[in-house]
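# Overview (structure and organization)
Residues per chain are reported as follows:
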Amino acid sequence: MSRLLIWTLLLLTLSAPATGAVLPSAEEIQRLGARMYREGILPDGQAMKAFVSNDVAVDGTAFTCVSCHLRSGLGSVEGEVVTPPTNGRILYQERKPYIKGKEFVPSVANYAKYLPVRPAYTDETLATLISAGVDPTGRSVLSVMPRYELEDRDMAILIAYLKTLSDRPSPGVGKQEIRFATVIVEGSDPVAVESMVTPLQFSVDRKNSLAKAAGVNERVARMGYNMLGDLHGYTFTLTRWILKGDPATWRAQLEEYDRKEPAFALLGGISPGTWEPVHRFCEERGIPDLFPVVDDPVLSDTDWYTHYLSRGVRQEGEAAARYLHGMVELIRDRAIVQVIRDGRRGRALADGFRTVWAETGHTPAVDIVLPAGEPLTAEALRQAVAGHKPAVLILWDDAGLINPLGELMADPSRPGMIVASATWLGSAATTVPEALRAPLFLTWPYRLPQDDKRYDIAARKVLAGKRPDKYDQVILRQSYITQDVLGRALMMMRGEFYRDFLLDTIGMMEDMYYPLYERVSFGPGQRYASKGCYIVQLGKGENPQFEKRSEWVIQ
Amino acid sequence: MKAAVLILAAALLGSPGLAADKPAGEGEIAYIVNGYRYDPAGSGGDPDTGHSLCGTRCNAISADSVDYMMGGGWEMRKLAADREIVIPLDNPFMKGNCICTVDEFLARRSTRNQTVREGQ
């Protein structure tokens, strides 16, 4: 008798059906089930007991269901690695090679292609699969999936949780319509707002004209179906959720919008200040928020629902620290002075620098804070320098720093190197006087403008013929990325419009080459798509270009 | 049929324009860096630090070929392999030059291949 068969028989007798256990409330099932599924932690707080290759005990918190079957439970096919869905809707359905009408639903069709036929699970056979790694046909999955030893009640909770995964269509998804919204915080620059919304609206309009064409033209409809599955016939809507007043009141405004016109996902979004209340709202309601245009995103290793294009301006401060770390031998015992304009932006830049500089093991820089609104003077700079004789002077301020800095450089005790943020200097960055260009190093978190020109055609397509000079070129490109990522993800999702699956799908996307950033990468759980920032200097002449002094991602 | 595919893809992806808006032929030189070394050039700069800084400095001039392709309709023609080019280190605390070993390319907007980019 084969080992497998012995196991099967053994387990059929041992694993008591999980149905006898009394289940907690639906909310508790969500809470406790999610903890088992995502963190590998049992309701009593212990780690789940997992075994690989049948009997090698491993830490259940390292072998979590979510790490293989994804948050949505809809699994994935990545090259050779096939992880089937583990949500009730699919498990309690027979798997066979061809189910009419489901040819393009990946959670059905893809897996039928790669995995053998099996009957529908029952609660009992599902408990056997999880505890013994044997499926209803007697086939073992232990070579690829751990087995988990669970008490009856815990098993019942886990199974009840699996039944709720990607079960009902997400809010905002209708029979033939998907609703999106974009959050606009009052007080945002109107040009910035239009630059953010226009590419999104373009994409929505294009999708709707396709749906319309498919509605009247049989051939377009057939091809649309082959390419996009059920998605081809859907129309999209994009509404603006405008937030007014004190950020403390946004929560109630968001709830009201969400109640009246729930959106499948928030696209873009823009705020001149904080984004935190929107981020929190999305986190708590489980609403995806793709790439809001903000300088100072919420940083978290565990939050799930908001994808940012980068870590914001902080990333420039971090890059400056990494760059200086690479030449620390040359600075040795001399000080670094960081002059910080008080306010969100200055603080984020300084904090980025401070954090990475500490992580790389260096003595902290000397921080000097400039009160908001008070112009920087050469005298203030001289004082900063005189006291500390720094090798490097970091100036986190706007273009107002250029003239006083020019005066400082005439001073014999001037520092050898100045670091500033090119995005904060804005267009003034390219009018820096020649004499300042040799010591001045700038952080620039985008592709160099001369190189990004190659992407103009792509980026301008989303303007549908409107004049590009009326828009903010950076935001336009950011929003280009948002609509493209969304389009690709929806296409990969075919008919499975679940919020968590949208984010799972983006997490499976390859690195992309887009306008604006050298590289945009996703990866499971990654929430800050662009990880790079150049250190640049200005070239010579009347219309100087940036010249790279570092790689995109500084190690 | 093909046109319909393009419309479908473009509908979701907002794909780049298909027509070249720049005359073909004009181009730019691009390098892909294969190696580097530091030359103190009489400055007395520390060779190890110099080597490490030249790594950053030379990598900074390296182009990413995919970058040229993805922008839509660019092609790269190799002009020379393993050519050595000398650039100043450009570090305020240390003089000397970096010698970057590069493959040299002429990158220009392609006249062929004006279809949607890969993956669409």
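Residues numbered from 1 in each chain as written. Chains lettered and ligands numbered in written order. Predicted model: local features only at pLDDT ≥ 70, side-chain atom pairs only at ≥ 80, totals over all residues. Heavy atoms only, no water.

On to the sheet that holds strand β1 (residues 49–52) of chain A, then. Residue and element names in this part refer to chain A. One open sheet accounts for three strands, arranged β2-β1-β5; its pairing is antiparallel. Every interior strand has two partners, whereas the edge strands, β2 (56–59) and β5 (147–149), have only one. Geometrically, the sheet is characterised by an average inter-axis angle of 40 degrees between neighbouring strands, direction not taken into account. (Pairing = 2+ DSSP bridges. Helix = DSSP H or I, 4+ residues; strand = E, 2+ residues; numbered from the N terminus. Axes fitted to C-alpha atoms, helices over the stretch in contact; angles between N-to-C directions.)

Residue and element names in this part refer to chain A. Mapped onto the elements, arginine 527 comes out in the loop between α22 (499–507) and β16 (534–538). Look at arginine 527: it is buried, it has no salt bridge, and the nearest opposite charge is aspartate 504 at 6.6 Å. Ignoring sequence-local partners within four residues, the contact set of arginine 527 consists of Asp303, Trp304, Tyr305, Thr306, His307, Tyr308 and Leu503. (Buried < 20%, exposed > 50% of the residue type's maximum accessible area, 1.4 Å probe, protein only. Lys, Arg positive; Asp, Glu negative; His and termini not counted. Salt bridge = Lys/Arg side-chain N within 4 Å of Asp/Glu carboxyl O. Contact = heavy atoms within 4.5 Å.)

Our next topic: the pairing of β2(A). All names here are of chain A. As paired elements, β1 and β2 share four bridges and run antiparallel to each other. Within β2, the position partnered with alanine 50 by the bridge is valine 58. Between the end of β1 and the start of β2, which pair antiparallel, lie three residues, with serine 53 showing a positive phi angle near 40 degrees.

Counting along an α-helix, one turn takes 3.6 residues, and residues three or four places apart therefore face a common direction. Within helix α6 (residues 123–132) of chain A, seven of the 10 residues are buried, which leaves it mostly tucked inside the rest of the structure. Of the residues one or two after α6(A), Gly133(A) is the one with positive phi, at around 75 degrees.

This part is about helix α2 (residues 26–39) of chain A. Residue and element names in this part refer to chain A. Its 14 residues give α2 an end-to-end C-alpha distance of 19 Å, which sits within 8% of 20 Å, the value for a rise of 1.5 Å per residue. Residues of α2 that are buried include every one of Ile29, Leu32, Gly33, Ala34, Met36 and Tyr37, and no others. Looking at the buried positions of α2, the neighbouring elements they touch are α3 (65–69) and α7 (152–164). (Expected span 1.5 Å × (residues − 1).)

Our next topic: the confidence of the model for chain B. It should be kept in mind that the predicted coordinates are not to be read in detail where pLDDT is low. Residue and element names in this part refer to chain B. Chain-level pLDDT for chain B is 75 on average; 68% of the residues reach the 70-or-more range. Counting contacts from residues 1–24, a segment whose pLDDT is below 50, to residues more than four positions away or on other chains yields 60 contacts. Throughout residues 113–120 the model reports pLDDT below 50, and contacts reaching past four residues in sequence, or to other chains, amount to 21 contacts. Taken together, the chains of this predicted complex give a pTM of 0.88 and an interface ipTM of 0.71. (pLDDT = per-residue confidence, 0-100.)

All names here are of chain A. Strand order in this open sheet of seven strands is β12-β11-β13-β14-β15-β16-β17, and the pairing throughout is mixed. Both outer strands of the open sheet, β12 (366–370) and β17 (546–548), are each paired with one neighbouring strand and no more. Along the sheet, successive strands turn relative to each other by an average axial angle of 30 degrees, direction set aside. In this structure, strand β14 (residues 417–421) lies alongside strand β15 (residues 440–444), joined through four bridges in parallel fashion. Paired with isoleucine 418 across the two strands is leucine 440, which belongs to β15. The strands touched by helix α15 (residues 378–388) are β11 (336–341), β12 and β13 (392–396); relative to β13, the strand with the most contacts, the crossing angle is about 145 degrees.

Residues and elements named next belong to chain A. With respect to the helices, strands and loops of the structure, valine 369 is situated in strand β12. The exposed category is assigned to valine 369, whose relative accessible area is 53%. Sequence separation between valine 369 and valine 339 is 30 residues, and the spatial gap between their C-alpha atoms is 5.9 Å. Sequence-distant contacts of valine 369, defined by excluding residues within four places in its chain, comprise Ile340 and Asp342.

Let us now look at the pattern of salt bridges. The tally for this structure, following the rule as stated, stands at 44 salt bridges over all chains. Across the pair Arg549(A) and Glu547(A) runs a salt bridge, and its minimum N-O distance is 2.9 Å. Under the relative-accessibility criterion, Glu547(A) is labelled partly exposed at 34%. For Glu104(B), the salt bridge identified is with Arg83(B), shortest N-O distance 2.4 Å. Placement of the pair is Glu104(B) in strand β3 (residues 97–109) and Arg83(B) in strand β2 (residues 74–88), with a sequence separation of 21 residues. Taking relative accessible area as the criterion, Arg83(B) reaches 34% and is therefore assigned partly exposed.

In terms of domain boundaries, chain A breaks down into domain 1 (3–162), domain 2 (177–308 + 464–492) and domain 3 (314–444 + 535–554). Taking only C-alpha atoms, the centre of domain 1 of chain A and the centre of domain 3 of chain A are 54 Å apart. (Domains from an automatic or database assignment.)

Glancing now at the state of the cysteines. Residues and elements named next belong to chain B. Under the criterion given, the structure shown has two disulfides over all chains. Disulfide partner of cysteine 54: cysteine 98, at an S-S distance of 2.1 Å. Its torsion about the S-S bond being -80 degrees, the disulfide of cysteine 54 and cysteine 98 is classed as left-handed. On the criterion of sequence distance, the pair formed by cysteine 54 in helix α2 (residues 47–60) and cysteine 98 in strand β3 is long-range, its members being 44 residues apart. Assessed through its relative accessible area of 0%, cysteine 54 is described here as buried. With a relative accessible area of 0%, cysteine 98 lands in the buried category. Sulfur-sulfur distance for the disulfide between cysteine 58 and cysteine 100 comes to 2.1 Å. Classification of the bridge connecting cysteine 58 and cysteine 100 rests on its S-S torsion, roughly -80 degrees, and on that basis the disulfide is left-handed. Here cysteine 58 is found in helix α2, whereas its partner cysteine 100 is found in strand β3, with 42 residues between them in sequence. (Disulfide = S-S within 2.5 Å.)

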